[in-house]
Amino acid sequence: MSMQCPICRSHQVISLDRGKKIGGVIGTVGGAASGVAGAMTGAATGAEVGLTVGLIAGPVGSTMGSVAGAIFGALIGAATGGVTGAKLGEVIDQRVLDNYVCQDCGLSFSHYARLDQTI
């Protein structure tokens with residue numbers, strides 16, 4: 001179903017999706033930072049256990065494991081945060097922001113706009 005302008009009834013309406021875009025970026029950055037922090041905490045714990053047990057793979061294996069853990073943690077955190085942020089931004093677009101713009105008359109309106117609210 002295409003969106004229709006509540007004033008001119010045009011179907012030449014686009015969605016801006018600002019909240020979705022900004023939420024996705026913020027979620028991705030925050031998720032990546034959280035993933036790296038979690039991986040570093042896990043890496044520190046892993047390093048302690050590795051020193052206690054006897055460093056089976058040696059110091060190089062311990063270092064590579066820490067780096068790989070940080071990278072995977074960042075990737076998983078970024079993906080999870082990005083999806084969550086985009087979904088939250090989509091809700092904000094629909095319920096709070098004037099997300100739609102009519103290309104014919106220039107009116108900005110929300111999904112819930114009614115004719116009596118815009119006049």
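Residues numbered from 1 in each chain as written. Predicted model: local features only at pLDDT ≥ 70, side-chain atom pairs only at ≥ 80, totals over all residues. Heavy atoms only, no water.

Re the overall build of the protein chain
Rule in force here: A run of H or I in DSSP becomes a helix once it reaches four residues, and a run of E becomes a strand once it reaches two; helices and strands are each numbered from the N terminus. Whether a residue is buried, partly exposed or exposed follows from its accessible area with a 1.4 Å probe, protein chains only, as a fraction of its type maximum: under 20%, in between, or over 50%, in that order. Any two residues having at least one pair of non-hydrogen atoms within 4.5 Å are treated as being in contact.
Each helix and strand in the protein chain was counted, giving 3 helices and 3 strands. For the protein chain, the N- to C-terminal ordering of α and β elements is β-α-α-β-β-α. Counting over 119 residues, the protein chain shows a buried share of 27%. Of the contacts made within the protein chain by residues no fewer than 6 positions apart, 74% connect residues no fewer than 24 positions apart.

Focus: the sheet that holds strand 1 (residues 13–15)
Using the following cut-off: What makes two strands pair is DSSP finding at least two bridges between them.
Across the sheet, which stays open at both edges, the 3 strands sit in the order 1-2-3 with antiparallel pairing between neighbours. The open sheet has two edge strands, strand 1 and strand 3 (108–109), and neither has a second partner.

Focus: the environment of Val101
With respect to the element layout, Val101 can be found in strand 2 (residues 100–102). For Val101 and Gln12, which are 89 residues apart along the polypeptide, the C-alpha to C-alpha distance reads 8.6 Å.

Things to note about a nonpolar patch on the surface
Heads up, the rule is: Like-charged residues within 9 Å of one another, or nonpolar side chains (Val, Leu, Ile, Met, Phe, Trp, Tyr) within 5 Å, are grouped into patches, provided each residue has over 30% relative accessible area and no salt bridge. Here the accessible surface of atoms and residues is derived via Shrake-Rupley with a 1.4 Å probe, and residues count as covered only by protein chains that are part of the display. Salt bridges are defined as contacts in which a side-chain nitrogen from Lys or Arg sits within 4 Å of a carboxyl oxygen from Asp or Glu.
A cluster of nonpolar side chains, Val67, Ile71, Phe72, Leu75 and Ile76, forms an exposed patch at the surface whose accessible area comes to about 520 Å². Position of Ile76 relative to the elements: it lies in helix 2 (residues 58–95). Owing to a relative accessible area of 58%, Ile76 belongs among the exposed residues under this scheme.

Some details on the state of the cysteines
We count it as follows: The definition used for a disulfide is geometric: two cysteine sulfur atoms within 2.5 Å.
A complete count under the given rule lists 0 disulfides for this structure. Looking at Cys5, it has no disulfide partner, and the nearest cysteine sulfur is the one in Cys105, 3.6 Å off. A residue is classified by how much of its surface remains accessible, and Cys5, at 0% relative accessible area, is buried. Note on Cys8: no disulfide assigned, nearest cysteine sulfur contributed by Cys102 at a separation of 3.6 Å.

A word on the side chain of Ser110
Among the structural elements, Ser110 can be located in the loop between strand 3 and helix 3 (115–118). Look at Ser110 and you get buried, because its relative accessible area is 16%.

Observations concerning the nonpolar core
For the record, the criterion: Here, the term nonpolar core denotes a set of buried Ala, Val, Leu, Ile, Met, Phe, Trp, Tyr and Cys residues that are joined through side-chain atoms within 4.5 Å.
In terms of nonpolar packing, the biggest core is built from 6 residues, these being Met3, Cys5, Val13, Tyr100, Cys102 and Phe109. Those residues within four positions of Cys102 in sequence are excluded, and the remaining contacts are Cys5, Cys8, Ser10, Gln12, Val13, Leu107 and Phe109.

A few points about the environment of Ala79
Its place among the elements puts Ala79 in helix 2. Note on Ala79: relative accessible area 45%, which makes it partly exposed. With 48 residues separating them in the primary sequence, Ala79 and Gly31 have C-alpha atoms 7.3 Å apart.

Looking at unusual backbone geometry
Even without being a glycine, Arg9 presents a positive backbone phi close to 65°. The residue Asp17 is not glycine, and still its phi comes out positive at about 55°. Inspection of the secondary structure assignment puts Asp17 in the loop between strand 1 and helix 1 (18–53). Judged by its relative accessible area of 26%, Asp17 is partly exposed.

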